[in-house]
Amino acid sequence: MGKGGAGSPGSAGGAGNTVRLGPAFTKLWLAGTASALGVGLATVATPLLIASRTDSPLTISAAQAVAWLPWLLFALPGGVLVDRVDRRRLMIWIDWARVALMTLLAAALVTGHAGIPLIYTVLFMVNAGEVVFRSASQAMIPAVVPREGLEKANGWLIGGVTVTQNMIAGPLGAALFVVAASIPYWGNAATYAVSAVLTTAVVGTYRGVPRPRRAGTAEMAEMAEIAGGAAAPPPKPERLRAVWSEMAEGFRWLIRQRLLRTMAVLIGLLNVTLTAALAVLVLLTKDRLHLGSVGYGALFTAMAVGSILGSALGDRLVRAVTATWTIRVGLIVEAAFHLVLATSLNAYVVGAAFFAFGIHGALWSIVANSLRQRLTPPEMFGRVGSTNLFIAAGGNCVGALLGGVVSAHFGLTATYWVAFVVAVAVAATTWPVFNRAAVAQAYAGDVSSASDASEASADSSADSSPDASAQPTVLADA
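Small disclaimer: the values here were computed from a predicted structure and weren't measured.

S.K.: Explanation requested: unusual backbone geometry in the structure shown.
M.R.: Phi angles above zero are rare outside glycine, and His-290 is one such case at about 55°. Inspection of the secondary structure puts His-290 in the loop between α10 (281-287) and α11 (293-343). For His-290, a relative accessible area of 64% gives the class exposed. Residue Thr-322 is not a glycine yet carries a positive backbone phi of 75°. Its location among the elements puts Thr-322 in helix α11.

S.K.: I keep staring at the nonpolar core and nothing clicks. Help me out?
M.R.: Soluble globular proteins: nonpolar side chains tend toward being buried together. Counting residues in hydrophobic clusters, the biggest one holds 30 residues, and the most contacted among them are Leu-259, Leu-266, Ile-327, Leu-371 and Phe-434. Mapped onto this core, the elements with two or more residues apiece are α8 (236-256), α9 (258-279), α11, α12 (347-375), α14 (414-430) and α15 (436-443). Per-element accounting of this core gives the leading share, 7 residues, to α12. Look past the residues within four positions of Phe-434 in its chain and what remains in contact with it is Leu-259, Thr-262, Met-263, Leu-266, Thr-324, Ile-327, Arg-328 and Val-439. By size, the runner-up hydrophobic cluster in this structure holds 27 residues, among which are Ala-63, Leu-105, Ala-108 and Val-122.

S.K.: Help me understand the pattern of salt bridges, please; the structure alone is not making it clear to me.
M.R.: Proximity of charged atoms lets side chains of opposite charge pair with each other. Evaluation of the coordinates by the stated rule reveals 6 salt bridges. Here Glu-130 ties to Arg-98 by a salt bridge, and the two come within 2.5 Å at their closest N and O atoms. Here Glu-130 is found in helix α4 (residues 116-144), whereas its partner Arg-98 is found in helix α3 (residues 87-111), with 32 residues between them in sequence. Each member of the pair, Glu-130 together with Arg-98, is buried. In this structure, Arg-374 and Glu-151 form a salt bridge, with 2.9 Å as the shortest nitrogen-oxygen distance. On the criterion of sequence distance, the pair formed by Arg-374 in helix α12 and Glu-151 in helix α5 (residues 150-179) is long-range, its members being 223 residues apart. Here the salt bridges do not stand alone but share partners, grouping Asp-95, Arg-98, Glu-130 and Arg-134 into one network.

S.K.: Explain the side chain of Arg-98 here, please?
M.R.: Here Arg-98 falls in the buried class, since its relative accessible area comes to 2%. There is a polar contact of 3.0 Å between the side chain of Arg-98 and the side chain of Asp-95. Aside from chain neighbours lying at most four places away, what touches Arg-98 is Ser-35, Val-126, Gly-129, Glu-130, Phe-133 and Tyr-192.

S.K.: Help me understand the side chain of Ser-370 in this model?
M.R.: By the secondary structure assignment, Ser-370 is in helix α12. Overall, the relative accessible area of 0% leaves Ser-370 in the buried class. A distance of 3.5 Å separates a polar atom in the side chain of Ser-370 from a polar atom in the side chain of Glu-151. Beyond its immediate sequence surroundings of up to four residues, Ser-370 is in contact with Leu-150, Glu-151 and Asn-154.

S.K.: What is the right way to look at the packing of aromatic side chains in this model?
M.R.: How two aromatic rings sit relative to each other is set out by the distance from centre to centre and by the angle between their planes. By the definition in use, this model includes 6 aromatic pairs. When the ring of Trp-325 is compared with that of Trp-431, the centres are 5.7 Å apart and the planes differ by 80°; the resulting orientation is edge-to-face. Linking Trp-325 in helix α11 with Trp-431 in the loop between α14 and α15, this pair joins segments that are 106 residues apart in sequence. By relative accessible area, which is 27% here, Trp-431 ends up partly exposed. Pairing Trp-417 with Phe-420 gives two aromatic rings, centres 6.1 Å apart and planes at 80°, and the pair type is edge-to-face. Of this pair, Trp-417 and Phe-420 both sit in helix α14, separated by 3 residues, roughly a single helical turn. Under the relative-accessibility criterion, Trp-417 is labelled partly exposed at 36%. The ring of Trp-325 is capped by Arg-328, whose NZ or CZ atom sits 5.2 Å from the centre of that ring.

S.K.: I keep staring at the environment of Ile-94 and nothing clicks. Help me out?
M.R.: As for its position among the elements, Ile-94 is in helix α3. Each C-alpha atom of the pair Ile-94 and Val-126 lies 8.9 Å from the other, and the pair is 32 residues apart in sequence. Among all residues touching Ile-94, those that are not within four sequence positions of it are Gly-129, Val-132 and Phe-133.

S.K.: Can you help me understand a nonpolar patch on the surface in this one?
M.R.: On the surface, Met-167, Ile-168, Leu-172, Val-305, Leu-309, Leu-313, Leu-317 and Phe-355 cluster together into a nonpolar patch covering about 560 Å² of accessible area. Broken down by secondary-structure element, the contributors of at least two residues to the nonpolar patch are α5 and α11. Considering every element that reaches the nonpolar patch, the biggest residue donor is α11, with 4 residues. Locating Met-167 in the fold gives a position in helix α5.

S.K.: Even after reading the chapter, I still don't get the packing of α5 against α12, so can you show me in this structure?
M.R.: In a pair of packed helices, the angle between the axes and the distance between the axes together describe the arrangement. Viewed as axis vectors pointing N to C, α5 and α12 meet at an angle of 130°, and their least axial separation amounts to 9 Å. Taken as axis vectors, α5 and α12 run oblique relative to one another. Crossing handedness for the pair α5 and α12: right-handed. Residues Leu-150, Glu-151, Asn-154, Gly-155 and Ile-158 of α5 form the contact with α12, whose own contacting residues are Ala-362, Ser-365, Ile-366, Asn-369, Ser-370, Gln-373 and Arg-374. The residue makeup of the contact of α5 with α12, split by class, is 4 nonpolar, 6 polar and 2 charged.

S.K.: Would you take a moment to explain the environment of Ser-344 for this structure?
M.R.: For Ser-344, the location among the structural elements is in the loop between α11 and α12. For Ser-344, a relative accessible area of 12% corresponds to the buried category. Excluding anything up to four places from it in sequence, Ser-344 contacts Arg-288, Leu-289, Val-349 and Val-350. Here the side chain of Ser-344 touches Asn-346 through a polar contact of 3.1 Å, landing on its backbone nitrogen.

S.K.: I tried to follow the confidence of the model for the chain on my own but got confused; where do I start?
M.R.: In low-pLDDT segments, the atomic positions of the prediction should not be examined closely. Across the chain, the average pLDDT comes to 77, with 80% of residues at or above 70. Considering only residues more than four positions removed or in separate chains, one finds that residues 1-17, a stretch of pLDDT under 50, has 46 contacts. Long-range and interchain partners of residues 453-478, a stretch whose pLDDT sits below 50, account for 70 contacts in this model, where long-range means more than four residues apart.

Conventions used here
- Residues numbered from 1 in each chain as written.
- Predicted model: local features only at pLDDT ≥ 70, side-chain atom pairs only at ≥ 80, totals over all residues.
- Heavy atoms only, no water.
- Helix = DSSP H or I, 4+ residues; strand = E, 2+ residues; numbered from the N terminus.
- Buried < 20%, exposed > 50% of the residue type's maximum accessible area, 1.4 Å probe, protein only.
- Core = buried A, V, L, I, M, F, W, Y, C linked by side-chain atoms within 4.5 Å.
- Contact = heavy atoms within 4.5 Å.
- Salt bridge = Lys/Arg side-chain N within 4 Å of Asp/Glu carboxyl O.
- Polar contact = N/O pair within 3.5 Å; in protein donor to acceptor, adjacent residues only side chain to side chain.
- Phe/Tyr/Trp six-rings, centres within 6.5 Å; stacked < 30°, edge-to-face > 60°.
- Lys NZ or Arg CZ within 6 Å of the ring centre and 35° of its normal.
- Patch = residues over 30% accessible without salt bridge, like charges linked within 9 Å, V, L, I, M, F, W, Y side chains within 5 Å.
- Areas by Shrake-Rupley, 256 points an atom, 1.4 Å probe, with all protein chains shown as cover.
- Axes fitted to C-alpha atoms, helices over the stretch in contact; angles between N-to-C directions.
- Parallel < 35°, antiparallel > 145°, perpendicular 65-115°, else oblique.
- Left-handed = near helix turned anticlockwise from the far one by under 90°.
- Nonpolar A, V, L, I, M, F, W, Y, C, P; charged D, E, K, R; others polar.
- pLDDT = per-residue confidence, 0-100.

In structure tokens:
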């Protein structure tokens, strides 16, 4: 895979050394941050837009289903596509396609032709592009930064998205919508264009390691070469079987890696409980905390501030406490978060829980992405990453329905008690998997040893103190 101008890593050793991420990563970071701002503008404006055209709760809520559906439909086949083509070129094409879609919607709003079907169609297609774009973007990171810079790179990516999409875009998108409904969509089109231009400026080819030709295709290529012509594409049924085979190959590879498999499953399960908790949070803030809309929004601001702090300090915190304990402490924070929501009537305590959860979420994302990028073969980055996206999205979809159902039948706090019990069970079950030996092997890039080490129970004496040698040398200034 092309390095695309990645900066050279800092030398290992003293605390003053740094890891340079390089100009290629800087362009990708700016592209992703700009794109996140536009996505945030459209995310805030779309519910307001649909609500301005209908009073039907079903029509309004259907927009969420339309937005989530592509993640379930296209995550897995999208991963196959990411592993077959140049990832940078794919991201550029997706960005320009989304520029066209958002421009179409904005123009339809200006001319008064933006009906609900058009809004749904654009929403579906843009999110379908986002699924593949996200997978391709994650697959490019290990190619543009040194291995010891993955934590820092992922921290910068998470921090940029948090600031622009979660903190700036919310109030800005609402304000722009009041001025004119089309402005947030013009803005989103512009940010997609900026992302496309910046990604185009990244030099290099970013394609997975070439795969051996499958049976049948090689013979066709040989015959075409003898005949002096180009190889004809394989028949459609064969191509379809190849796509399914490659999706299954990525899934099987993930399942065989106990460390990554466990991380994917627990994130899917915890997404169920988190999304369920957030789905009825507006009722909890109103009925138990007696907060208005400003207080409700302040909770998410507290979480965003925590996420920014975790992103800025993430590589240093992970290095200081080790990835093993970053994961394990995160499991405790996850359970404590739901316990606070189930029991506390104090808005400040709940706000502190959201702040702590924001830090935990950023650190977990950094560790999970870095582990996956270290252990996954380059030719499978797209499929393994998209499988994780599929599992996470499935958890979000189930949780969105579960929160309302549990609260309606068993009371408001029942959702949070269920989430607490699930979080405790997940922590108890997965605690031994993330032992020091397994995580150390993962950071060393030894796939088979990391899988074998995670099968064994952690040595109690070995886990009693952090082991700096088990972690990457990431000594960086934000």
